[in-house]
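Here's the letter readout for the chains.
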Amino acid sequence: MTLHLVPLDCPSCGSALHGEGLDTIFFCDHCGDAATLDEDGLQMIESSALLPAPGRSAREWRPAWLVEANVTVSERLRYRGRRSEDWQEHRVFVLPAFAIPLEDLTRISRALSEVAGETGEVPREPIHGGTLALEDAVTLIRHIVIGDEVRKSDKLATLEVEIDVTASRLVAIPFEPTNAGLRCSITGVTVRIGKELG
């Protein structure tokens, strides 16, 4: 195994990128551009910010993936072998890319994917904690779609889910710190982080 050091300088403007110990997603504090770190070094990724809902503010920003995908559900069989209609639709998912419990991640991803609206320029302030790879975000999308199908009123036996990603980018999402964790300034959903996990 060969070890090589990668300079954490913004590929766009050359400024130093800042992050936390396990970060693989970086937003430049200077120019706002984003990059991911992989085996080949830093890779530029299109980026923007999701703006807070009217009347809400952003005191902290965190990274997320915005993924556009064609979702296909097929071979959906109900209890006793009755087949349901297959369906396909183009959907947009917003998936936080920082460490939070799976239950919170699923809940806020569903909420953000339903209401995420206006985008703007990435704020020029620290956006840290990005550890979720795009491949893992797609796995979470599959988890959300299957969960939605299971919650339907019929008794599901089996199904097949195909996620065909058509576009992806990194987005900064706004939060307000609370005693319980971070409250999303778009959805109002609170997620637990750090010491709140225990």
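For the structure, check the block above.
First things first, this report covers the structure right here in the doc.

Cut-offs applied
Residues numbered from 1 in each chain as written. Predicted model: local features only at pLDDT ≥ 70, side-chain atom pairs only at ≥ 80, totals over all residues. Heavy atoms only, no water. Salt bridge = Lys/Arg side-chain N within 4 Å of Asp/Glu carboxyl O. Helix = DSSP H or I, 4+ residues; strand = E, 2+ residues; numbered from the N terminus. Buried < 20%, exposed > 50% of the residue type's maximum accessible area, 1.4 Å probe, protein only. Axes fitted to C-alpha atoms, helices over the stretch in contact; angles between N-to-C directions. Parallel < 35°, antiparallel > 145°, perpendicular 65-115°, else oblique. Contact = heavy atoms within 4.5 Å. Nonpolar A, V, L, I, M, F, W, Y, C, P; charged D, E, K, R; others polar. Expected span 1.5 Å × (residues − 1).

Attention shifts here to the pattern of salt bridges. Using the criterion set out here, one finds 14 salt bridges in the structure. Across the pair D148 and R91 runs a salt bridge whose closest N-O atoms are separated by 3.9 Å. A residue pair is termed long-range when its members are at least 10 positions apart, and D148 in helix α2 (residues 134–150) and R91 in strand β6 (residues 87–96) qualify at 57 residues. D148 gets classed as partly exposed once you look at its relative accessible area, which sits at 25%.

Between helix α1 (residues 102–115) and α2, whose axes approach to 11 Å, the crossing angle comes to 80 degrees. Between α1 and α2, the angle falls in the class roughly perpendicular. Touching L102, L105, T106, S109 and R110 of α1 are L140, H143, I144, G147 and D148, all from α2. Of the residues in the contact of α1 with α2, the class split is four nonpolar, four polar and two charged.

Another aspect to go through is α1. An α-helix turns once every 3.6 residues. As a result, residues three or four positions apart point the same way. Here α1 is 14 residues long and its end C-alpha atoms lie 20 Å apart, about the 20 Å a rise of 1.5 Å per residue gives. All of the buried residues along α1 are D104, L105, T106, I108, S109, A111 and L112. Buried residues along α1 sit against β6, α2, β8 (156–178), β9 (181–184) and β10 (190–191).

The next point concerns unusual backbone geometry. The backbone phi angle of E75 is positive, close to 50 degrees, even though this residue is not glycine. When you line up the elements, E75 lands in strand β5 (residues 60–78). E75 gets classed as partly exposed once you look at its relative accessible area, which sits at 36%.

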